[in-house]
Amino acid sequence: MSAKAKNAKGNLRDLFLDMIATERNASKNTLDAYRRDLDDYAEFLGGRKSDFTKADTQTIRNYLSALAKRELAAASVARKLSAIRQLHRFLYTEGLRADDPSSVLEGPRRGRALPKIMTVAEVTKLLATAHDAAQESDDTKESIARRLRALRLAALLELLYASGLRVSELIALPASAARSKSDAIIVRGKGNKERLVPIGNAAKRAMKAYLEARGEKEKAAEQRWLFPSFGVSGHVTRQHVARELKALASQAGISPGKISPHVLRHAFASHLLANGADLRVVQALLGHADISTTQIYTHVLDERLKNMVRDLHPLAEK
């Protein structure tokens, strides 16, 4: 056991947090989450005159049972158990314990949550609201700035729904994506992999209108990004897009809690499948490496198949 571990034995939680901060480069939010989970575990152990160095497997099981009685979600229980496992593995590795009582425990089974989606009517209403806002014709400086922001939001929204892009892919599109006469754009996704994503005429028109309006202020051809900003990255951020979509939802009379860039990605996939698209095609469009990731949308296929049997099978009504 290292001298550092011996000296810090009285504060094992902080020693563990120091380790994940330095060796794993954990963020402040990650460290805060671990701290809360381990403090909750320590409080439970303290009530049973135990601590991190004394807790056995049954004690951890009792803690998990107590969490269940508190009606915590399976995901929250799994997160807390993960923190406990990592702590005990660390204590064992550092020689602060002769065993790891958490190694034989299994976490709660977590069902795969169905993705949030929007109806076609809701997406249509959202798009209409965005385009209406871009119709402002006043020539004042403030009006021109508002119209440019509205055109940008309309282009962002049309592209999201037309392509199913991840928001990180959308905001990092180069300006050349809008200048191409092709019906598809090249997207650089996870793992730096490129894929070809078709886009429709509505998205192309929205991008063209936005670029033309932007060109009144600057030479768009000199811009690297399709959606530039003055931030460090040079382009709009994920958070900015999410805020603008929620504000637009409010204007459209849709609950902002239902809207996010990722929900529009889900809507893209679900609406394609509901209208007969092949699951493998949707996988390619979304940039999923594994078909199992795309299969979260099979609830849409299930409903479509039920309707097909009901409508087309000769004995369905008998």
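Residues numbered from 1 in each chain as written. Predicted model: local features only at pLDDT ≥ 70, side-chain atom pairs only at ≥ 80, totals over all residues. Heavy atoms only, no water.

### Observations concerning the overall build of the chain
Here is step 1 of the chain: Helix and strand counts for the chain come out as 15 helices and two strands.
Here is step 2 of the chain: Here the chain holds 318 residues, and 41% of them are scored as buried.
Here is step 3 of the chain: Within the chain, contacts between residues separated by at least 24 positions form 59% of all contacts whose residues are at least 6 apart in sequence.
Here is step 4 of the chain: When the accessible surface of the chain is totalled, it reaches about 18300 Å², and 52% of it is carbon and sulfur. (Helix = DSSP H or I, 4+ residues; strand = E, 2+ residues; numbered from the N terminus. Buried < 20%, exposed > 50% of the residue type's maximum accessible area, 1.4 Å probe, protein only. Contact = heavy atoms within 4.5 Å. Areas by Shrake-Rupley, 256 points an atom, 1.4 Å probe, with all protein chains shown as cover.)

### A closer look at the environment of Asn-201
Here is step 1 of the chain: If you trace the backbone, Asn-201 turns up in helix α10 (residues 201–215).
Here is step 2 of the chain: Once the C-alpha coordinates of Asn-201 and Asp-183 are considered, the two residues, 18 residues apart in sequence, prove to be 7.9 Å apart.

### Regarding the side chain of Asp-40
Here is step 1 of the chain: One can find Asp-40 in helix α3 (residues 28–46).
Here is step 2 of the chain: Among the residues examined, Asp-40 registers a relative accessible area of 16% and is labelled buried.
Here is step 3 of the chain: In contact with Asp-40, other than residues within four places in its own chain, are Tyr-63, Leu-67, Arg-70 and Lys-80.

### Some words on the packing of helix α6 (residues 120–133) against helix α11 (residues 238–251)
Here is step 1 of the chain: Running from N to C, α6 and α11 point in directions that differ by 95 degrees, and their axes come no closer than 9 Å. Here α6 lies roughly perpendicular to α11, going by the angle between them. Residues Leu-126, Thr-129 and Ala-130 of α6 lie in contact with α11, whose contacting residues are Leu-248, Ala-249 and Gln-251. (Axes fitted to C-alpha atoms, helices over the stretch in contact; angles between N-to-C directions. Parallel < 35°, antiparallel > 145°, perpendicular 65-115°, else oblique.)

### As for helix α2 (residues 12–23)
Here is step 1 of the chain: Across its twelve residues, α2 extends 16 Å between first and last C-alpha, which sits within 8% of the 16 Å expected from 1.5 Å per residue.
Here is step 2 of the chain: All buried positions along α2 are accounted for by Leu-12, Arg-13, Leu-15, Phe-16, Leu-17, Met-19 and Ile-20. (Expected span 1.5 Å × (residues − 1).)

### Things to note about the environment of Val-197
Here is step 1 of the chain: Within the fold, Val-197 resides in strand β2 (residues 194–198).
Here is step 2 of the chain: Classification of Val-197 by relative accessible area gives buried; the value is 1%.
Here is step 3 of the chain: Along the chain, Val-197 and Gly-287 lie 90 residues apart, while their C-alpha atoms are 9.3 Å from each other.
Here is step 4 of the chain: Not counting chain neighbours up to four residues away, the residues in contact with Val-197 comprise Ser-163, Leu-165, Asp-183, Ala-184, Ile-185, Val-187 and Leu-285.

### With respect to the nonpolar core
Here is step 1 of the chain: With 46 residues, the main nonpolar core has Leu-126, Leu-159, Leu-173, Ile-185 and Phe-227 as its most contacted residues.
Here is step 2 of the chain: Ranked by residue count, the leading element in this core is helix α7 (residues 141–163), at ten residues.
Here is step 3 of the chain: If we skip the residues at most four places from it in the chain, Ile-185 touches Leu-159, Leu-165, Leu-173, Ala-177, Arg-195, Leu-196, Val-197 and Ile-199.
Here is step 4 of the chain: Membership of the second largest hydrophobic core comes to 27 residues, among which are Ile-20, Phe-44, Ile-60 and Val-77. (Core = buried A, V, L, I, M, F, W, Y, C linked by side-chain atoms within 4.5 Å.)

### Details of helix α13 (residues 279–286)
Here is step 1 of the chain: Of the positions making up α13, those classed as buried are Leu-279, Val-282, Gln-283, Leu-285 and Leu-286. Around the axis of α13, the buried residues are gathered within 165 degrees of arc, so they sit on the same side.
Here is step 2 of the chain: The backbone nitrogen of Arg-280 lies 2.8 Å from a side-chain oxygen of the residue at the head of α13, namely Asp-278. (Arc of directions from axis to C-beta. Polar contact = N/O pair within 3.5 Å; in protein donor to acceptor, adjacent residues only side chain to side chain.)

### Overview of the packing of aromatic side chains
Here is step 1 of the chain: On inspection of all chains with the given rule, the structure shows six aromatic pairs.
Here is step 2 of the chain: For the ring pair Tyr-41 and Phe-52, a centre distance of 5.6 Å and an interplane angle of 20 degrees mean the geometry is stacked. A residue pair is termed long-range when its members are at least 10 positions apart, and Tyr-41 in helix α3 and Phe-52 in the loop between α3 and α4 (57–69) qualify at eleven residues.
Here is step 3 of the chain: The exposure class assigned to Tyr-41 is buried, which follows from its relative accessible area of 0%.
Here is step 4 of the chain: When the centroid spacing of 5.3 Å and the interplanar angle of 55 degrees are considered together, the rings of Tyr-41 and Tyr-63 count as tilted. A residue pair is termed long-range when its members are at least 10 positions apart, and Tyr-41 in helix α3 and Tyr-63 in helix α4 qualify at 22 residues.
Here is step 5 of the chain: Site record: aromatic cluster; members linked through ring pairs are Tyr-41, Phe-44, Phe-52 and Tyr-63. (Phe/Tyr/Trp six-rings, centres within 6.5 Å; stacked < 30°, edge-to-face > 60°.)

### Describing the environment of Phe-268
Here is step 1 of the chain: Within the secondary structure, Phe-268 is located in helix α12 (residues 261–274).
Here is step 2 of the chain: For Phe-268, a relative accessible area of 7% corresponds to the buried category.
Here is step 3 of the chain: In this structure, the C-alpha to C-alpha distance between Phe-268 and Gly-164, residues 104 residues apart in sequence, is 5.4 Å.
Here is step 4 of the chain: With residues up to four places along the chain from it excluded, the contact list for Phe-268 reads Leu-160, Tyr-161, Ala-162, Ser-163, Gly-164, Leu-285 and Leu-286.

### Details of the pattern of salt bridges
Here is step 1 of the chain: As enumerated under the stated definition, the model contains 16 salt bridges in all.
Here is step 2 of the chain: With a shortest N-O distance of 2.9 Å, Arg-35 and Asp-32 are connected by a salt bridge. With Arg-35 and Asp-32 both in helix α3 and three residues apart, this pair spans about one turn of that helix.
Here is step 3 of the chain: The salt bridge involving Asp-99 is made with Arg-97; its shortest N-O contact spans 2.9 Å.
Here is step 4 of the chain: For Arg-97, a relative accessible area of 9% gives the class buried.
Here is step 5 of the chain: Three or more residues joined by partner-sharing salt bridges are found here, namely Asp-37, Asp-40, Arg-70, Arg-79 and Lys-80. (Salt bridge = Lys/Arg side-chain N within 4 Å of Asp/Glu carboxyl O.)

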